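Residues per chain, in single letters:
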Amino acid sequence: VVRYYATVKSEALSRDLKLYMRKVDDFLRQYAALSDGKLRLERLDPQPDTDAEDSASLDGMQGQRVVDGSYEENIYHGIAITCLDQKQTIPFLSPNDETRLEYELSRAIAQVSQPRKPVIGIKSPLPIAGGMAQMPGQRPRPAWAFYQQLSQSFEVRDLGMGPEPIDPDEITVLMVIHPAGISPDVEFQIDQYLLKGGTLIACLDPFSAAAQASAPPPNPMMGGAPPAQTSSTLPTLLDAWGVDFTEGFVLSDSKYRTPLPGGPVGFGVLNLTRDAMPNRKDDLITQGLNDAILYLSGGYVMKGGKGLSSNALLRSSRDSGLVEAVQASRMDQSLLTKMPRDDKAYDLVVRLSGQFQTAFPDGDPAKNDEEDSANANPGDNEEDSTEDDATDTGELAKADDSLKESVTPGSVFLISDVDFLHDNLAYQPAGMGNMRFMVPFNGNSVLLFNILDQATGSKHLIGSRSRASTRRPFTLIQEMEARSERKVGDKMVKMEDELESANKRLRDLQSQKTAGTEMFASPEQQAEIVKLRQKSVEINREIRGLQKDLKREKDALSASIIILNVLVIPIIIAIIGITVCMRRRSATVAR
């Protein structure tokens, strides 16, 4: 059920909102017509003190308060979508968000149509779900804030780093976060999950500060601790997808580098603005994103995978290059002058889509290793070996039952950093009374959850673009207004300068008075005041003249458009019609 709330019977409606309400109503009618009876549309006009207004409040609609003198009214324009006990709302539909309407509506319908929450499977060696205390007497480590936020909207399953098969019918989206030292058999399971129709989000990192911080402390009894695995990649999968990601090298960027507290410059700490979002205008993931911060991230270079297309969501500037990860982690300021410039932009967050081919054409590497081991150690009994030949042949035939190509077009989101999800980089602590919680302070978490919204909403929503706006502003009139405002603004600045000059002159004249003189305006001051008032009147007269000229230009343009629509165009159409009719008649007579 789609309940569409629109206060259509109101004199307080702006022209833009009134037109947009008609477009939304037509758009919803098309959805209902195409649904073959599966979608029921209810249109409600929430007038004051009516059941429709009560229903709008219960559905969480946000009324826009309009005040005109003593007149006040709430303008409602939103949508509530329900299916059984599931509900999604769009509290207020603004004409400014017209390009997102189709996506937001389709996403809401897809979410309420799911009988259960989407399942997010996570493979990661990092303690993102929390864990035991590192030292006795310490508190257990809490889950990362993004993980807690994730658990509120989705069902989250920790899959570990083992090579167990992953069923896309169970796992809606698979997140692989810092797969340091990943084995080929685990990559094979990820490969098969993707080929079966799953969606993958992979966060890789050339140097993860979070992995370094979460490493166990050295144990004197055990002779220290193994070094933290700070670098991660998917070597076999990336190569098959035509993606180059160099381990051990951090991307530095002079344009997006970040000044750090204390004076040093974090050339590997990228403070990415809207300029780093190449498809921000059309891509719904980054369309509302203002910034993102990556810490010692890597960079992807697309070599071109067979049958795959890539779309960069975040991209470095051309004033960037790769530096050694350990030196970059020390914030070595000497690298600022030695930093190589590759004169090419690296993809920081990229989406791959299309028909994926397997990265393991020979099948499961774990089974291949078992077969190689068995061949290297043949049995001593030739009779047993002969009897097992037929069985071995059948098993070998069954051994390679893996997919070689995706059954449906798939999607992979590659993110070149892991630390961007950590609390220290994406959230900040806040409190209310005795409550303590974490709130986002940049666009890092927004970026992740925008990706998840697309990936979990529907297969048809992944990679969807914003629609072109149907609004056509009168740019000619806007340019005329802008020219007039610039002229008026120049006059206002000139007037303010003259006022300041006159006031300064008055202060100078006042300071020339002797200490015993009474406080009265001298003839010079009176003449200056009269002159100032005359200038103010003249400038105000000129401003009014400019405004009248602008109004006359608007009226002339409107009159021209009206004449064109009412007279010229119908005359042209009539002439064309008469010409066609005469030609047809002459052709008939000739026959």
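**Digging into unusual backbone geometry**
Okay, step 1: Phi angles above zero are rare outside glycine, and Leu84 is one such case at about 55 degrees.
Okay, step 2: On the accessibility criterion, Leu84 (85% relative accessible area) is exposed.
Okay, step 3: One non-glycine residue, Leu296, adopts positive backbone phi at about 50 degrees.
Okay, step 4: Within the secondary structure layout, Leu296 lies in the loop between β15 (292–295) and β16 (301–302).
Okay, step 5: Given the relative accessible area of 0%, Leu296 is considered buried.

**With respect to helix α1 (residues 15–34)**
Okay, step 1: Helix length check: α1, at 20 residues, gives a terminal C-alpha distance of 29 Å against a target of 28 Å (1.5 Å per residue), a fit within 8%.
Okay, step 2: Those residues of α1 lying buried are Leu17, Tyr20, Met21, Val24, Asp25, Phe27 and Leu28. Looking straight down α1, one finds its buried side chains confined to an arc of 170 degrees; they lie on one side. Facing away from the buried side of α1 by more than 90 degrees, the exposed set consists of Arg15, Arg22, Ala33 and Leu34.
Okay, step 3: Of the residues trailing α1, Asp36 is marked for its positive phi of about 55 degrees.

**Comments concerning the packing of α1 against helix α3 (residues 101–113)**
Okay, step 1: It is the contact of α1 with α3, at a shortest axis distance of 12 Å, that shows an interaxial angle of 45 degrees. Looking at the two axes, α1 sits oblique to α3. At the point where α1 passes α3, the crossing takes the right-handed sense. Contacts from Tyr20, Val24, Phe27, Leu28 and Tyr31 in α1 reach Leu101, Glu102, Leu105, Ser106 and Ile109 in α3.

**Observations concerning the sheet that holds strand β20 (residues 410–415)**
Okay, step 1: The sheet built from seven strands is open, its strands ordered β8-β7-β9-β10-β20-β19-β17 with mixed pairing. The sheet terminates laterally at β8 (155–158) and β17 (308–315), the two strands that pair on one side only. Within the sheet, the average angular offset between the axes of one strand and its neighbour, ignoring direction, is 20 degrees.
Okay, step 2: Inspection of the sheet shows strand β10 (residues 199–203) paired to β20 by five bridges, in the parallel sense.

**As for the nonpolar core**
Okay, step 1: Grouped together as the largest cluster of nonpolar side chains are 59 residues, with contacts concentrated most on Ile122, Phe146, Leu150, Met175, Ile177, Ile451 and Leu452.
Okay, step 2: Per-element tally for this core: the top contributor is helix α14 (residues 444–457), with six residues.
Okay, step 3: Other than its neighbours up to four places away in sequence, Met175 contacts Ile120, Gly121, Ile122, Lys123, Phe146, Leu150, Ile201, Leu448 and Leu452.
Okay, step 4: Judged by nonpolar contacts, the second largest core, of 30 residues, contains Ala202, Leu308, Phe356 and Phe360.

About the cut-offs
- Residues numbered from 1 in each chain as written.
- Predicted model: local features only at pLDDT ≥ 70, side-chain atom pairs only at ≥ 80, totals over all residues.
- Heavy atoms only, no water.
- Buried < 20%, exposed > 50% of the residue type's maximum accessible area, 1.4 Å probe, protein only.
- Helix = DSSP H or I, 4+ residues; strand = E, 2+ residues; numbered from the N terminus.
- Expected span 1.5 Å × (residues − 1).
- Arc of directions from axis to C-beta.
- Axes fitted to C-alpha atoms, helices over the stretch in contact; angles between N-to-C directions.
- Parallel < 35°, antiparallel > 145°, perpendicular 65-115°, else oblique.
- Left-handed = near helix turned anticlockwise from the far one by under 90°.
- Contact = heavy atoms within 4.5 Å.
- Pairing = 2+ DSSP bridges.
- Core = buried A, V, L, I, M, F, W, Y, C linked by side-chain atoms within 4.5 Å.

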